[in-house]
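Secondary and tertiary structure notes
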Amino acid sequence: MEKTNVYLKNFIGTNYEVGKQIGKWVLSTPSLLKQVLLPPNAYPHDKFEKIVDLLDHYCEGINEEIRGFSDTVGVSSEQTLFYAMTYLERGCSLMSVLPGKSKNGHTLMARNYDFNNEMEEMCFAFTSIKDKYSYIGSTLNLFGRCDGMNEHGLAVCKASNGLPVGNFEGGQKAGATGFSFWAVVRSILENCKNVQEAIEWTMSAPIGYNINLMLADSSNKIGLLQCIDGHKAYKLLDAYSQEAFLSVTNHALLDDIKPYEKMIIENSVVRNQRIMEMFTEKKQLTKNDMKVLLSTSYPEGLCCHYYKDFFGTLRSMIFDVNDKTIEMTFGSPQANEWRTFSVEPLKMQEIEIILPQEKAGPDFYKIR
C-alpha cells in the first residue's frame, strides 16, 4: 500500500497568465520541476520550430502559455518537456451509453485510466482561458489534457491503441508525424461544442499517437474514433441508431483500422469483454452499475493495482453530459472515495490518496 497526493487547481485568464500560474505551482513543487524540464539545448531547434508552428495552427494559445511558464520559471521555452513529448515522428477502458440505455435517461460515459503515478503530475484542473471554452479535466505534461468535459457538455477521454507511442524509453516509434494525445484532447475541449465538431477537428489534425477516443455530448450523441499510424476511422451513434452503447480498451475495433494493428494484448480483450457483457445483459444501466464494473478487480472487472507495472488505476470517472458533472475517484476506486465535480472553479487543495500495490499475473501482458 502506497500513498500519493492529487492536486486540484484552477487556471483562469489569458494563456500567458495561465502559464505564469502553472510556473508558480511548479516552482513550489521541486519534484515536479525536475519532471517537466529538459537541459538547455537538449531538443533540436528545427524540431522546436516545427512543433511551435503546428501548435499555432491547430492548438492556438498553448505556445503563449508555455512562454508564461518559461518566463516565470526562468528557462528557455525549448527546455519544456511538453514540446519534446508532444511532437511525435513516425491502458485504459472506455465506454458510453445513449439515454435509452441509461436508467436516468442521460447520455453517460465512463473510464478507468491505468498507468504509473510516478510519471504523472496527478493534477485535476478547471481551465478557463480567454476566448476558449471552459472545462475540467486531468492535466498531463502540464499543458496537455488526458480527459475532461467542457461548458457545452462535450466529454472526451482516451486510451492507447496498442502499445503506447512516444519519445521515451520503451515507447513505440510513431508511424506518422503529428500530435500526441494530450494535445488532441485539450484542443477538443477548448474548441469544440459537440461530438460532430470533435470528430471533424480530429480527422483533420495530424496525429502521431495511436489513439482511441471516446466522445459524448449533451445533444445525446456518442462517438468512437480510432487512429493507428495516421490512419483514422470513427463511429457515431445517436437516438436513431440501432446500437445504444460503445466500448473500447486498447485495441482496434473498427474494420478500417484493424488492418494496421500490430498486436493485441490479452488484458485489453478481457476488459472489453467485461464491458460488453454487462452492457448487453442489462436493459438499462445506472451510474452504480458502472461504478461496480470500474471498481471490481481484473479479470472480473476493470480495476488494476499494478502501478509498478505501469497498469494501476489512477482515476475512475463517470461523465454525465446532461448534468455536466464528473463523478470520479483519484486512485483505486476500491480504496478512495467518489467525488463529484461540475464545470466550474474547484476548491484548490491537495488530496492524499491510496494506491494498493499488487503484481500483474503472468498472462496479463500476453500477446494474442
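Residues numbered from 1 in each chain as written. Predicted model: local features only at pLDDT ≥ 70, side-chain atom pairs only at ≥ 80, totals over all residues. Heavy atoms only, no water.

**So, the overall build of the chain**
A tally of regular secondary structure across the chain gives nine helices and 18 strands. What you see for the chain is a C-alpha radius of gyration of 19 Å, in line with the 21 Å of a compact globule of 368 residues. Principal-axis analysis of the C-alpha atoms places the extent of the chain at approximately 55 × 45 × 45 Å. Buried positions account for 60% of the 368 residues belonging to the chain. When the accessible surface of the chain is split by element, carbon and sulfur atoms take 49% of a total near 14,600 Å². (Helix = DSSP H or I, 4+ residues; strand = E, 2+ residues; numbered from the N terminus. Rg over C-alpha atoms; globule rule 2.2 N^0.38 Å. Buried < 20%, exposed > 50% of the residue type's maximum accessible area, 1.4 Å probe, protein only. Areas by Shrake-Rupley, 256 points an atom, 1.4 Å probe, with all protein chains shown as cover.)

**Examining the environment of Gln284**
With respect to the helices and strands, Gln284 occurs in the loop between α8 (266–281) and α9 (287–295). You can call Gln284 partly exposed: its relative accessible area is 36%. Placed 99 residues apart in sequence, Gln284 and Val185 show a C-alpha to C-alpha distance of 29 Å. Beyond its immediate chain neighbours, meaning those up to four positions away, Gln284 contacts Gly100, Lys101, Ser102, Lys103 and Asp289. (Contact = heavy atoms within 4.5 Å.)

**Examining the packing of aromatic side chains**
By the definition in use, this model includes 20 aromatic pairs. Judged by centre distance (6.4 Å) and plane angle (40 degrees), the rings of Phe11 and Trp25 are tilted. Taken together, the residues span a long stretch of sequence, with Phe11 in strand β1 (residues 2–13) and Trp25 in helix α1 (residues 15–27) at a distance of 14 residues. Phe11 gets classed as buried once you look at its relative accessible area, which sits at 2%. According to the relative accessible area criterion, Trp25 is buried, its value standing at 5%. Ring centres 5.0 Å apart and planes at 85 degrees place the aromatic pair Phe364 and Tyr365 in the edge-to-face group. For Tyr365, a relative accessible area of 37% corresponds to the partly exposed category. What links up through ring pairs into an aromatic cluster is the set Phe48, Phe69, Phe82, Tyr83 and Phe143. One Lys or Arg, Lys158, reaches over the ring of Phe181 and ends 3.9 Å from the middle of that ring. In this arrangement the basic side chain of Lys291 is found over the ring face of Trp338, its NZ or CZ atom lying 5.0 Å from the centre. (Phe/Tyr/Trp six-rings, centres within 6.5 Å; stacked < 30°, edge-to-face > 60°. Lys NZ or Arg CZ within 6 Å of the ring centre and 35° of its normal.)

**Some words on the pairing of β1**
Relative to strand β18 (residues 349–355), β1 is paired through seven bridges, and the arrangement is antiparallel. Looking across to β18, one finds that Lys3 is bridged to Ile354. Bridge analysis of β1 against strand β5 (residues 123–129) gives seven bridges, and the strand direction is parallel. Residue pairing in the sheet places Asn10 in a bridge with Phe126 of β5. (Pairing = 2+ DSSP bridges.)

**A word on the side chain of Asp320**
Take Asp320: it is sitting in strand β15 (residues 311–320). With relative accessibility at 0%, the residue Asp320 sits in the buried group. Side-chain polar atoms of Asp320 contact the side chain of His106, separated by 3.0 Å. (Polar contact = N/O pair within 3.5 Å; in protein donor to acceptor, adjacent residues only side chain to side chain.)

**Things to note about α9**
In terms of burial, α9 is largely enclosed, as seven of its nine residues are buried. Taken together, the buried positions of α9 are occupied by Lys287, Asp289, Met290, Lys291, Leu293, Leu294 and Ser295. Buried residues along α9 sit against β3 (92–97), β4 (108–115), α8, β15 and β16 (325–330).

**Re helix α3 (residues 45–58)**
Look at α3: 20 Å from first C-alpha to last across 14 residues, which is about the 20 Å you get at 1.5 Å a residue. Residues of α3 that are buried include every one of Phe48, Ile51, Val52, Leu54 and Leu55, and no others. Viewed along the axis of α3, the buried residues span an arc of 165 degrees, placing them on a single side of the element. Facing away from the buried side of α3, by more than 90 degrees, are the exposed residues Asp53 and His57. (Expected span 1.5 Å × (residues − 1). Arc of directions from axis to C-beta.)

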